[in-house]
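This is what each chain is made of:
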Amino acid sequence: MPFQLKQLHKTFFGEITGLDLGQPLDEATVAAVTAAIDRHGVLVFRDQNIGDGDQLRFSNYFGQTQRSITVHREEQARRLGQEELSDISNLDEHGFRMDRTNPRRLYQLTTMLWHTDSSFRNPVGKYTFLCAKRLPAEGGNTEFADMCAAWDALPAERQRTLRDLQVRHSLAYSRGLVEGSPPLDETERRNLPPSVHPLVRVHPGSKRPALYLASHAESVEGLSYEEGRKLIDELMAHATRPEFVHAHVWRAGDLVMWDNRSTMHRAMPFDEDRYVRELRRTTVAESADVLQAA
Ligand SMILES: [Fe+2]
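Residues numbered from 1 in each chain as written. Predicted model: local features only at pLDDT ≥ 70, side-chain atom pairs only at ≥ 80, totals over all residues. Heavy atoms only, no water.

1. Some remarks on the coordination of the iron ion
Then comes step 1: Taken together, His 115 (NE2), Asp 117 (OD) and His 265 (NE2) make up the full set of protein donors to the iron ion, lying 2.1 to 2.2 Å away.
Then comes step 2: The sequence pattern formed by the donor residues of the iron ion is H-x1-D-x147-H. Highlighted residues: His 115 in the loop between α3 (103–108) and β5 (125–134) and His 265 in strand β14 (residues 263–267), separated in sequence by 150 residues. The same class applies to His 115 as to His 265, namely buried. (Donors = N, O, S within 2.8 Å, 3.2 Å for Na, K, Ca; no water. Helix = DSSP H or I, 4+ residues; strand = E, 2+ residues; numbered from the N terminus. Buried < 20%, exposed > 50% of the residue type's maximum accessible area, 1.4 Å probe, protein only.)

2. Concerning the sheet that holds strand β11 (residues 217–220)
Then comes step 1: Pairing in this open sheet of three strands is antiparallel, and the strands run β8-β7-β11 from one edge to the other. For this open sheet the edge positions go to β8 (195–198) and β11, each flanked by a neighbour on one side alone. Strand-to-strand twist across the sheet, computed as the mean angle between neighbouring axes with direction ignored, equals 35°.
Then comes step 2: When strand β7 (residues 166–169) meets β8, the two strands line up antiparallel, connected through four bridges. (Pairing = 2+ DSSP bridges. Axes fitted to C-alpha atoms, helices over the stretch in contact; angles between N-to-C directions.)

3. Some details on unusual backbone geometry
Then comes step 1: For the bond running from Asn 122 to Pro 123, omega is 0°, close enough to zero to count as cis.
Then comes step 2: Mapped onto the fold, Pro 123 is located in the loop between α3 and β5.
Then comes step 3: With phi around 60°, Asp 47 is a residue other than glycine that occupies positive phi space.
Then comes step 4: Looking at the secondary structure, you find Asp 47 in the loop between β3 (42–45) and α2 (52–60).
Then comes step 5: Here Ser 118, not a glycine, exhibits a phi torsion of approximately 60°, which is positive.
Then comes step 6: Along the chain, Ser 118 falls in the loop between α3 and β5.
Then comes step 7: Under the relative-accessibility criterion, Ser 118 is labelled buried at 4%.

4. What about the packing of aromatic side chains?
Then comes step 1: Applying the stated rule across the entire model yields ten aromatic pairs.
Then comes step 2: Cluster of aromatic residues (ring-pair linked, three or more members): Phe 45, Phe 58, Tyr 61, Phe 62, Tyr 127 and Phe 129. (Phe/Tyr/Trp six-rings, centres within 6.5 Å; stacked < 30°, edge-to-face > 60°.)

5. Description of the nonpolar core
Among soluble globular proteins, nonpolar side chains are generally buried collectively.
Then comes step 1: Core analysis: the biggest nonpolar cluster contains 26 residues, and Met 147, Leu 162, Leu 199, Leu 211, Leu 213, Leu 235 and Met 264 have the highest contact counts within it.
Then comes step 2: Listed by contribution, the elements that provide at least two residues to this core are α4 (147–152), β10 (209–211), β11 and α8 (225–239).
Then comes step 3: Residue contacts for Met 264: discarding those within four places in its chain leaves Trp 114, His 115, Thr 116, Glu 143, Phe 144, Ala 145, Met 147, Leu 213, Ala 214, Met 236, Ala 239 and Thr 240.
Then comes step 4: Among the nonpolar cores identified, the runner-up in size contains 21 residues, and Phe 3, Leu 21, Val 30 and Cys 131 belong to it. (Core = buried A, V, L, I, M, F, W, Y, C linked by side-chain atoms within 4.5 Å. Contact = heavy atoms within 4.5 Å.)

6. Notes on the sheet that holds strand β6 (residues 142–146)
Through backbone hydrogen bonds, the strands of a sheet pair up, either in parallel or in antiparallel fashion.
Then comes step 1: Strand order in the open sheet formed by three strands is β12-β6-β14, with antiparallel pairing between adjacent strands. Among the strands making up the open sheet, the edge pair consists of β12 (245–248) and β14. Neighbouring strand axes in the sheet, compared pairwise and without regard to direction, differ in orientation by 20° on average.
Then comes step 2: Relative to β12, β6 runs antiparallel, the two being bridged by four bridges. Following the sheet pairing, Thr 142 is matched in β12 by His 248.

Remember that the coordinates give geometry; whether it matters functionally is a separate question.
Laid out in structure tokens, this is it:
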């Protein structure tokens, strides 16, 4: 292997050292990273000192980068020029810390709910890449949940009842879960409609089944709204039990890559009035031909 790999949690989450993402990678290295992410679900690449162009090049080895959903919010100023880069920060478009009334700050509260990226889109998000630029002195961890381990822990008879279910994912729904978060405007509603996906997806690389859930999961096809809500809430609670969760404590130079089909994640709070936290996100979409229902 062209790098060192160490597992940081008992079931998932790998740490990679000895690889410079500031340089182009050869095919064998990309294949080794793919095998590592298939096995571990999340990878942290330590000690990276890379620019946005390096992050885009690295992301594009694994698929087509999606445009940030913020491009669909027309009245909102974007700090970053490139549409494939999402600004995960508490900075406004002038580079100052956002105050409490900034709608983007309210909107970002939704990232503190357990979710997987772009599950309300079709094709869904495959991998997300998040690169640390500036970090708070304390707080601001990202937590990850192993959705393969969560599936494996369910009794076989329960698995059988879940296997064929389809779930409707909606950004309008998850946005509504956070008090004060601005509702979808008309452009967002038009460009980001809900999407239906299997509750259980077999990972195309590892061939392992995983629960496919998120804060965006609103209802279950064929069940009443209340029955669907009850089932989703119960499975979300199950999948985020402490034994399935790893808290990533960010270090300077970290780039974290995760598989949205086998993990969930959430942002943890930090003192936004005191510290700057700035990360860059890119997401590549799953191509339609790899989707497999369980
Ligand atoms: Fe996310």
